[in-house]
Each structure stands twice: as C-alpha cells, then as structure tokens.
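Fold and geometry: a report
Listed below, chain by chain, are the residues.
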Amino acid sequence: DACREIRDLLLHEKKFEFNPKDGIDNPALSLTEDTEPRTRAVPHADGEGVGEPRFYLLSKDSTETFGFCLHEELGCRGHVIRQLELGGLAQRRGLQDGDRLLQVNGHFVDNMDHQRVVQKIKASGNQVLLAVLDGASYEAARALGRDLSQMLPAEIRPRLCHVVRDKSGFGFSVSGPEGIKGTFQLSVRQDGPAERAGVPAGSWLLELNGASVRSYSHAQLNRKLKQSGSKVTLLVASSAVEEFYRLRGLQVTAALADTSWLPFKARELHMVKGPAGYGFLLKEDNCSSGTTGQFLWDVDVGLPAEQAGMKDGDRLLAVNGESIEGLDHQQTVLRICAHEDQVTLLVIDPAADQFYQSIGLSPLLSFEEGDPA
C-alpha cells in the first residue's frame, strides 16, 4: 500500500512538471492563494520525512493587515509564524501556526536577522509573496543538514527596469499575437538603452510606468510609449517567471520585483555625534503622494550629517534599521535620540522618492537589494 501511495503521488505530480532549463527544478512546489495547502512528506532513506515548501500570495488593502505575527523564539529555530488572526488574510489563505518563513518576495530569509525579515515584509506594501515550511518538516530538514534554499525555485521574481531613450530610441521592440490584448514580448537591441537598464531579451512586459498592460492592444501600448517621453519604467518577466505565475492565475506586480537594476536607491548614513551635534534639522512636511513625511534640512557644512552624505531635502525612511512609517515627528525624534552618541539613518533624495511614489512602491524596497554606499 505504501509503494502504491508513493507511485500514485508521483503520477499525480507529473502534470506540474516544469522545464528545468526555465529555472524551476522542483515540480512539487505549489503556490496557494485561495485553497487549503497540502503538505506531502517526501520519504528519505533514513526514515525521516520532510514536507515541501508552500507559497502564498497575500494581497490586502491599506486598511488591513496580513493577519499574522513573525516570532523569533528561544529554543525554536527559524522565523516562526504565530498569532494568526481568526478569519484574517493569512489564515484564510492557509498559513498555519508554527510554519517557518523561508522566503519573502523571492528573497531567502532563513539565514537573515529577524528584524530585517520583518522590515522586508513591511517594505512590500500591500502585497507579499511568502514561502513557508511546516514546523516539523523544518526541524527535520535542519536535522538532516538539508540546504533549505535548495528546496525553493531559483528565480520567481520579475524585474523592474528604468529605460532612458537615446538618439536611436529605447532599444527594444514589442511583438505579440495578432488580435490578443496584453501579451507583449520584448526584443532587445544589443548594448542599447534597454539592455543597459537590465531588460532581458525575450522577456514579457507586465507593466508600463506602474500600470498593468493586460488590457492594452498593440496600438494602445505604442501610444503609451510615445506619451512617456524620454523615460519609461518597465516591469518585465522571463518566460520561466511569467509561467510560474500564469499557470496559477496570479497577477504579478512591482511589489514582487527585483529593483537592483533601478538607478534610484535609498542611502544609509551612519553618524557619530560631534561636540556640535549631528548638524541637521528634522522637519515634518507633506509628501507628493499626500502623506506626511519627515525631511532633513539645514545640513551644516563639516559636521557629521554632511560628512555621512546627507543632503538638504532628503526624506527619512528608517532609524537604526526600523522604518518610521506611521510615526509622527516627536516619535521620530525620540528614535533618533534613543542612542545618545550615534545613529544610522536610511534616507532617499527627492528625485528617487518621487520615482517610487509615482509607481506606488515603497523606496525601502530599493535598500533591500544590496548594500548601497
């Protein structure tokens, strides 16, 4: 009976097979949005069983929460899913108490500092893609010395690219099936603006300047490109990434994207207070989006703030690694003063801030891609 069950399982999973050349080499991975998850145990020679990662795309509006807390617990390894809200988004999708979080928007997070993982989820805004493993399977995999990152697909992230036209154009052309809306594949000119901006040849166009192209005809897309002037921002996906979402009926958005190719970055400033202080003023003002932000002004020449790279008009995003989103002016000042003699600020200049607001993304996402100067 056990052999028959394993045989039936293997036969059942053949319909989920992917071409390994497309970068997805685990045919049993499932991305669940509205159905209850199934965790199947994969037998090992030593008799231990390790289940498979489960994927959840959580989408909420600005008044909701994702409906769970992420814990770091003494004597319990990994980032632990706890406090699922009864009837909340996470519970409705199928997340379970004790699940271990492995991946956030395509980033492997099991080996990351807990606070940084929490920040990644917050920076994702209203949509986040999580990969989790049930607690028992997680402990079994760790006991077996398994590389948990190898249990996940190599690449499931679209790419966000900002293309600046040169005298010959944007450096890409668009093709698609005759009479079908929203399906556009890009041909990229070698060493042209699009290739230099990170657009992969043969990728599929998902968004143009922050708007989905799913309803566009070819003529409408060309018109939108002409209206863009000298700059366009493209959300694109390789065939493997596009297939990963398309087969599951899910829409990919820029919140899930790799932003490492964008020229707009947040900056981390580490300052040690001098005899005259840090040398800047913090003022509360309205952002172009209409929300309230904390801005840095009156940067004094020669003092720690200027030496760290602060510029007048920079907007403050985080203090000592913690986002200040939702904090008022006084609360932000208290965060800065929490350590008497030094502080690390994450800031963004006005042009970069305007760019992220125009496409509806948090600029915190840009910092998560690497280690800006």
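Structure: above.
The present account deals with the structure reproduced in this document. (Residues numbered from 1 in each chain as written. Predicted model: local features only at pLDDT ≥ 70, side-chain atom pairs only at ≥ 80, totals over all residues. Heavy atoms only, no water.)

1. Regarding the layout of surface pockets
To locate leftover empty space, one rolls a probe as large as a water molecule over the atoms. Volume-wise, the largest pocket comes out at about 1,400 Å³. When contributions to the lining of the largest pocket are tallied by element, the ones reaching two or more residues are β5 (69-73), α3 (114-123), β18 (292-297), β19 (315-319), α10 (350-358) and α11 (364-367). Take the lining of the largest pocket: its biggest share by element is 4 residues, from α3. Residue composition of the lining of the largest pocket, by class: 20 nonpolar, 20 polar and 7 charged. (1 Å grid on protein atoms, 1.4 Å probe; cavity = no way out; pocket = protein on both sides within 12 Å on 5 of 7 lines; lining within 4 Å. Points joined across faces, edges and corners; volume = space filled by probe spheres on them. Helix = DSSP H or I, 4+ residues; strand = E, 2+ residues; numbered from the N terminus. Nonpolar A, V, L, I, M, F, W, Y, C, P; charged D, E, K, R; others polar.)

2. Overview of the nonpolar core
By size, the foremost hydrophobic cluster in this structure holds 43 residues, and its most contacted members are Leu160, Tyr245 and Leu361. Counting 20 residues, the second largest nonpolar core, distinct from the first, contains Val174, Leu205, Leu208 and Tyr216. (Core = buried A, V, L, I, M, F, W, Y, C linked by side-chain atoms within 4.5 Å. Buried < 20%, exposed > 50% of the residue type's maximum accessible area, 1.4 Å probe, protein only.)

3. So, unusual backbone geometry
Positive phi values are uncommon outside glycine, yet Asn209 reaches one of about 55°. Checked against the element boundaries, Asn209 lands in the loop between β13 (204-208) and β14 (211-212). Given a relative accessible area of 33%, Asn209 falls into the partly exposed group. Of note, Asn320 is a non-glycine position whose phi angle comes to about 50°, a positive value. Within the secondary structure, Asn320 sits in the loop between β19 and β20 (322-323).

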